[in-house]
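If you want the building blocks of each chain, they are given just below.
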Amino acid sequence: NSKIMASTQFESLDARRAFPCWDEPSRKAVFGITIVVPSDLQALSNMPVKSLASNSHQKTEVNFMDTPIMSTYLVAFCVGQFDFVQALSNQTLVKVYTPPGMSESGLFALDCAVKTLKILNSFFGIDYPLPKLDMVAIPEFAMGAMENWGLVTYRQVDLCIDPNKASNSQKQRVCTVVTHELAHQWFGNLVTMAWWDDLWLNEGFASWAENYVSEKLHPEWTMWDQFTTGHLSYAMKLDSLKSSHPIQVPICHAEEVEEVFDGISYCKGGSVVRMIRAVMGPQDFRNGLSTYMKTFAYRNTETHDLWKCWEDASKMPISEMMKSWTEQMGYPLITVTNEHWEAHQVTLTLSQEWFLSDPSAELTDEEKDKKWCVPIFTCTEQGVQPDICFMREKTATLIVPLEGGENGGGWVKLNAGQQVPMRVKLTPTMLERLCIGIKNKTLPICDRAGLIMDAYALAKAGHLEPTALIQLLSAYQNEHAYIVWQGISQVLLALDSITMEDEDMNTRFQSFARILVKSLYQSVGWSNKDDSDGHLTVLLRGIMISLLKNFCYDDEDVKKEASARFEKFQSNPDDVESLPSDMRTQVFQIMLKNGGEKEYEQLLSYFQTTSDVAEQKFVLASLGNAPSPALKARTLDWALKDLKMQDFFYPMGSVGSSREGREISWSFFKTNFEAVRAKIGKGSPSLMDACIVNCAGSFCSEEKADEIEAFFQDKGLVQNARKIAQTLENMRTNAKFWSKLQSSELSDSEFWNNLS
């Protein structure tokens, strides 16, 4: 009963494979498209249908209206059988196309799209310029989504939601993907970068806008707080490596662009846009963007064109300030080198340097002298301070108003709101005072999250003793905020991965982590007790159960609860009361870790019988948790042979993330490398990136890094070279951090016994 759908994906360089063209973003043209298809199929393209003509061969000639002038990479067409839902957004007809019989699953995305167009029409001061907007669910699609003008294509799981079973995390994912792609209809499609070295103008702004619009649609999701532990956190991890690259990266040959569709262009780009808005203020920021859109509509731009529009709107030296953030890679470490506490203020002396995860990285004199124009935002118990200090040189002095400072009763947080991509090294006194703000919750949520993530990064880079990191974690014992637990979870899982090199230390660390996790467990529990759970509480429960899977999976209460819920799921997979979608992956993983072949076969059978792609992803993320090496190896074989190209790397991650599984996954990858490469074929290089990270990225030794580097040397993976370099650098940095942990007090049982 299978049917074929055809769809295009031309970004970056593939329009030339479909029709003769100057396939560069600045070579804009008007496109008149005609497609001849079997009469039982439907054809879609960027513009509405102009005319249809049938012939005697059961074929239909579909002639579309001419497009506006636009870049080749935005041309698109789809052919197949579809159902759809539709609605008007002002005068624009919006449709969501789904596979036959699934139209209701497009209603959530349709509602997001209709409201998003209205928000962005108002925000930019220029209306969406096409007569229609189609969004199409593609059952097999290597990308997450693609912003083709007027015909946006999506991986099915990122557009279609089962209205009865969808998890909160899936709803948020669909909302942010839709808002991201619709932001591109202006930023990228209407106004396009002149060349790929300014890709960040597309992706950085869309990454910012997805949060801006989602916050408007769902303020209860607190998307800007989530930005701290999502986009910003990922960008800073990647950009702390010497193998990173500037936001504006030189592209000498078009083929190189595939390497920069990464967390720097998207997440750091979005973080820099967020920082500019915080500096300029929302009105000047918006006015500048409106001018930019109106001035350059249907044209191409470079980064300095955007700076000029913002400078005119704000009367601030935006170009001078932003050059250090977009033209050089990395970000600063701000160190508090001196402090003077008084009754009504504290005076801080600051220095800046390039922050790198590897404390032993060799730097040239020029690299040692790197500096940024850093806006310093501050907050105290009295709130965010209105004044911004701009640190342009290597050192600066900062005076912050403070009540009760000399008596030890007040705290100061630098980088308030985590508005700037930077790390902050505090004095012991500042850290001690901030622990009070953590415990009494006067320190805002995103700052509590940012503080612990900064502390982990500083410890890894040798700027903070590991003991101080663990002691800071102890201050979060009564924390119940989802965003903060996102940060805590990242730190706990990273430390667990690194300490697994030493069974004794890992056992002590896991005992410590269990105390934190069980405290949350007592507060949140497995169920909504009084129907008061909001979106963030549901997501928090998902994190909690995920941490139970890591640190308490063999606890009798945890095993009993997971088993009872899994049994009810087996009786009725549609029972989302007993096993909500937000905890299915975690419960599947707990059952597998405590079970064996029986549970494995049950989940594999569910994957093969359900048609819900979100439910299938829950299984793919779980199977690698089966305890036996044979089942782990079977999972990898099955993934390579039977899964779609867009999905086959997920089980690799579930196998390769454990100490037992990482050798199995790496051995499998080496043995089956040519089969993996053949499966990906001409697909996105990001698929090979995912396979490399999932199969080889969890090791923590110099020796393994050397082995992996040697393996890839003659494999010709030019488009994956940067990801391989980043993976190796991160592995070697983790190995150095592990050596530091071994020589610290964390190796001493007395330290763990004395933790209060």
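For the structure, see preceding data.
Remember, predicted model here, so these are calculated numbers, not experimental data. (Residues numbered from 1 in each chain as written. Predicted model: local features only at pLDDT ≥ 70, side-chain atom pairs only at ≥ 80, totals over all residues. Heavy atoms only, no water.)

**A closer look at helix α18 (residues 597-609)**
In step 1: The terminal C-alpha atoms of α18 lie 18 Å apart, and with 13 residues this matches the ideal 18 Å at 1.5 Å per residue to within 8%.
In step 2: The set of residues buried in α18 consists of E599, Y600, L603, L604, Y606 and F607. Taken end-on, α18 shows its buried residues confined to a sector of 155°, consistent with a single buried face. More than 90 degrees from the buried face of α18, the exposed residues found are E597, K598, Q608 and T609.
In step 3: As for α18, its buried residues are in contact with α16 (556-571), α17 (584-594), α19 (613-620) and α20 (629-642). (Helix = DSSP H or I, 4+ residues; strand = E, 2+ residues; numbered from the N terminus. Expected span 1.5 Å × (residues − 1). Buried < 20%, exposed > 50% of the residue type's maximum accessible area, 1.4 Å probe, protein only. Arc of directions from axis to C-beta. Contact = heavy atoms within 4.5 Å.)

**Here we look at a nonpolar patch on the surface**
In step 1: On the surface, V30, I69 and Y298 cluster together into a nonpolar patch covering about 250 Å² of accessible area.
In step 2: With respect to the helices and strands, V30 occurs in the loop between β1 (6-7) and β2 (34-38). (Patch = residues over 30% accessible without salt bridge, like charges linked within 9 Å, V, L, I, M, F, W, Y side chains within 5 Å. Areas by Shrake-Rupley, 256 points an atom, 1.4 Å probe, with all protein chains shown as cover. Salt bridge = Lys/Arg side-chain N within 4 Å of Asp/Glu carboxyl O.)

**Points about the layout of surface pockets**
Where empty space is left can be seen by rolling a probe of water-molecule size over the atoms.
In step 1: In this model, the second largest pocket occupies a volume close to 860 Å³.
In step 2: Surrounding the second largest pocket, 29 residues form its lining, D14, R17, K682, G683 and S684 being those nearest its centre.
In step 3: Secondary-structure elements contributing two or more residues to the lining of the second largest pocket are α23 (673-680) and α24 (685-696).
In step 4: Classifying every residue of the lining of the second largest pocket gives 11 nonpolar, nine polar and nine charged. (1 Å grid on protein atoms, 1.4 Å probe; cavity = no way out; pocket = protein on both sides within 12 Å on 5 of 7 lines; lining within 4 Å. Points joined across faces, edges and corners; volume = space filled by probe spheres on them. Nonpolar A, V, L, I, M, F, W, Y, C, P; charged D, E, K, R; others polar.)

**Describing the packing of helix α7 (residues 303-314) against helix α8 (residues 318-326)**
In step 1: Their axes nearest at 9 Å, the elements α7 and α8 cross at an angle of 140°. Here α8 runs oblique to α7, going by the angle between their axes. Crossing of α7 over α8 shows right-handed handedness. Between α7 and α8, the contacting residues are W307, W310, E311 and S314 on the first element and I318, S319, E320, M322 and T326 on the second.
In step 2: The class makeup of the residues in the contact of α7 with α8 is four nonpolar, three polar and two charged. (Axes fitted to C-alpha atoms, helices over the stretch in contact; angles between N-to-C directions. Parallel < 35°, antiparallel > 145°, perpendicular 65-115°, else oblique. Left-handed = near helix turned anticlockwise from the far one by under 90°.)

**Examining the side chain of N415**
In step 1: Turning to its location among the elements, N415 is positioned in the loop between β21 (412-414) and β22 (423-425).
In step 2: Using a relative accessible area of 0% as the deciding quantity, one classes N415 as buried.

**Quick notes on the nonpolar core**
In step 1: M135 and F669 are the most contacted members of the largest nonpolar core, which has 256 residues in total.
In step 2: Once residues lying within four places of it in the same chain are set aside, the contact partners of M135 are K95, V96, Y97, A109, A113, V152, Y154, L159, V178 and L182. (Core = buried A, V, L, I, M, F, W, Y, C linked by side-chain atoms within 4.5 Å.)

**Points about unusual backbone geometry**
Leaving glycine out, the prevailing phi sign among residues is negative, and the prevailing peptide bond configuration is trans.
In step 1: The omega torsion across E11 and S12 is 10°, close enough to zero to call that bond cis.
In step 2: If you check the backbone angles, N90 has positive phi at about 55° while not being a glycine.
In step 3: Relative to the elements of secondary structure, N90 occurs in the loop between β7 (83-89) and β8 (92-98).
In step 4: The exposure class of N90 is partly exposed, given its relative accessible area of 46%.
In step 5: One non-glycine residue, K441, adopts positive backbone phi at about 65°.
In step 6: Within the element layout of this structure, K441 appears in the loop between α10 (428-439) and α11 (445-460).

**Here we look at the pairing of strand β11 (residues 151-155)**
Within a regular strand, the side chains alternate between the two sheet faces.
In step 1: Buried residues dominate β11, accounting for five of its five residues.
In step 2: Residues of β11 alternate between two faces, with L151, T153 and R155 on one and V152 and Y154 on the opposite face, all of them buried.
In step 3: Here five bridges tie strand β9 (residues 132-138) to β11, and the two strands are oriented parallel to one another. Across the sheet, residue D134 finds its bridge partner in β11, namely L151.
In step 4: Sheet analysis places strand β10 (residues 145-146) next to β11, joined by two bridges and oriented antiparallel. Bridging across to β11, A145 finds its partner in Y154. (Pairing = 2+ DSSP bridges.)

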